[in-house]
Amino acid sequence: MESADVANDLTEVLLTEQQIRDRIAAMCREIERDYEGRDLLLIGVLKGAVMVMADLARELKRDVEMDWMAVSSYGAGTQSSGVVRIVKDLDTDLAGRHVLIVEDIVDSGLTLSWLRSNLQSRGPASVEICALLRKPEAAKIEIDARYVGFEIPNAFVVGYGLDYAERYRNLRDVSVLAPHVYA
């Protein structure tokens, strides 16, 4: 879906599909260099990271394994509750593995901090984070993400996997959702 298809629900396009693809390609070159000679397990965080994970995996010029985990701290709201629950756990044993968590956005940092700790407790060789977006102004906990696509303002964004009440995930761009939609 194009942003023009739901233009009345958006206030602005922050990142175009081409900008996103270009940045993902650049991050992939860094990942390939950093993990050369090591097996890599990508762990996508459902549902928001689906688009990022798919494009990242396709752009990497190396073999990777993938698994998925679903955690929730939002419900249908616009801000993280800080209470995390596992909705779908991994199928892969992490012991001795090099793990790269793939996320759509680092917002408050609460969920991602919890997730990183949870995965580190499973005995991997390493755990790093790759996020398409980061909102520095929204951070409640500082998250050391090794790969970050873009830093964005503290606005409620949708598209490219990000949603509001399960809508707008299939927008090709990342756009700011108009307050009248969620107010």
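Residues numbered from 1 in each chain as written. Predicted model: local features only at pLDDT ≥ 70, side-chain atom pairs only at ≥ 80, totals over all residues. Heavy atoms only, no water.

(A) Main features of the packing of aromatic side chains. Overall, the coordinates contain 3 aromatic pairs when judged by the stated rule. Here the aromatic rings of Phe-156 and Tyr-182 are separated by 5.5 Å at their centres, their planes lie at 50 degrees, and the arrangement is tilted. Of this pair, Phe-156 sits in the loop between β7 (147-151) and β8 (157-158) while Tyr-182 sits in helix α4 (residues 179-182), and the two are 26 residues apart along the sequence. Owing to a relative accessible area of 13%, Phe-156 belongs among the buried residues under this scheme. The class for Tyr-182 is partly exposed, based on a relative accessible area of 28%. (Phe/Tyr/Trp six-rings, centres within 6.5 Å; stacked < 30°, edge-to-face > 60°. Helix = DSSP H or I, 4+ residues; strand = E, 2+ residues; numbered from the N terminus. Buried < 20%, exposed > 50% of the residue type's maximum accessible area, 1.4 Å probe, protein only.)

(B) Region of the structure containing the sheet that holds strand β9 (residues 174-177). An order of β1-β9-β8 is seen for the 3 strands of this open sheet, with the pairing classed as antiparallel. One side of each edge strand has no neighbouring strand; the edge strands of this open sheet are β1 (10-15) and β8. Alignment of β8 against β9, held across 2 bridges, turns out to be antiparallel. The partner of Val-157 across the bridge, within β9, is Val-176. (Pairing = 2+ DSSP bridges.)

(C) Structural view of helix α3 (residues 110-120). By the burial criterion, the buried members of α3 are Thr-111, Leu-112, Leu-115, Arg-116, Asn-118 and Leu-119. Each buried residue of α3 lies within a common arc of 165 degrees when the element is viewed along its axis, so the set occupies one face. Buried residues in α3 make contact with β2 (41-46), β3 (65-72), β4 (85-88), β5 (98-106) and β6 (126-134). (Arc of directions from axis to C-beta. Contact = heavy atoms within 4.5 Å.)

(D) A look at the packing of helix α1 (residues 17-34) against helix α2 (residues 50-59). At their nearest, the axes of α1 and α2 sit 9 Å apart, and the two run at 55 degrees to each other. Judged on the interaxial angle alone, α2 and α1 are oblique. Relative to α2, α1 is oriented so that their crossing is right-handed. Residue-level inspection shows Arg-21, Ile-24, Ala-25, Cys-28, Arg-29, Ile-31 and Glu-32 of α1 in contact with α2, the latter providing Asp-55, Leu-56 and Glu-59. Split into classes, the residues belonging to the contact of α1 with α2 amount to 5 nonpolar, no polar and 5 charged. (Axes fitted to C-alpha atoms, helices over the stretch in contact; angles between N-to-C directions. Parallel < 35°, antiparallel > 145°, perpendicular 65-115°, else oblique. Left-handed = near helix turned anticlockwise from the far one by under 90°. Nonpolar A, V, L, I, M, F, W, Y, C, P; charged D, E, K, R; others polar.)

(E) Spotlight on the environment of Asp-39. With respect to the element layout, Asp-39 can be found in the loop between α1 and β2. A sequence separation of 105 residues divides Asp-39 from Asp-144, and the C-alpha atoms of the two residues are 22 Å apart. Not counting the four nearest positions on each side in its chain, Asp-39 is found in contact with Arg-62 and His-98.

(F) Local environment of α2. Within the sequence span of α2, burial applies to Val-52, Met-53, Asp-55, Leu-56 and Ala-57. Against α1, β2, β3, β5 and β6 lie the buried residues of α2.

Just distances and angles here, no functional claims.
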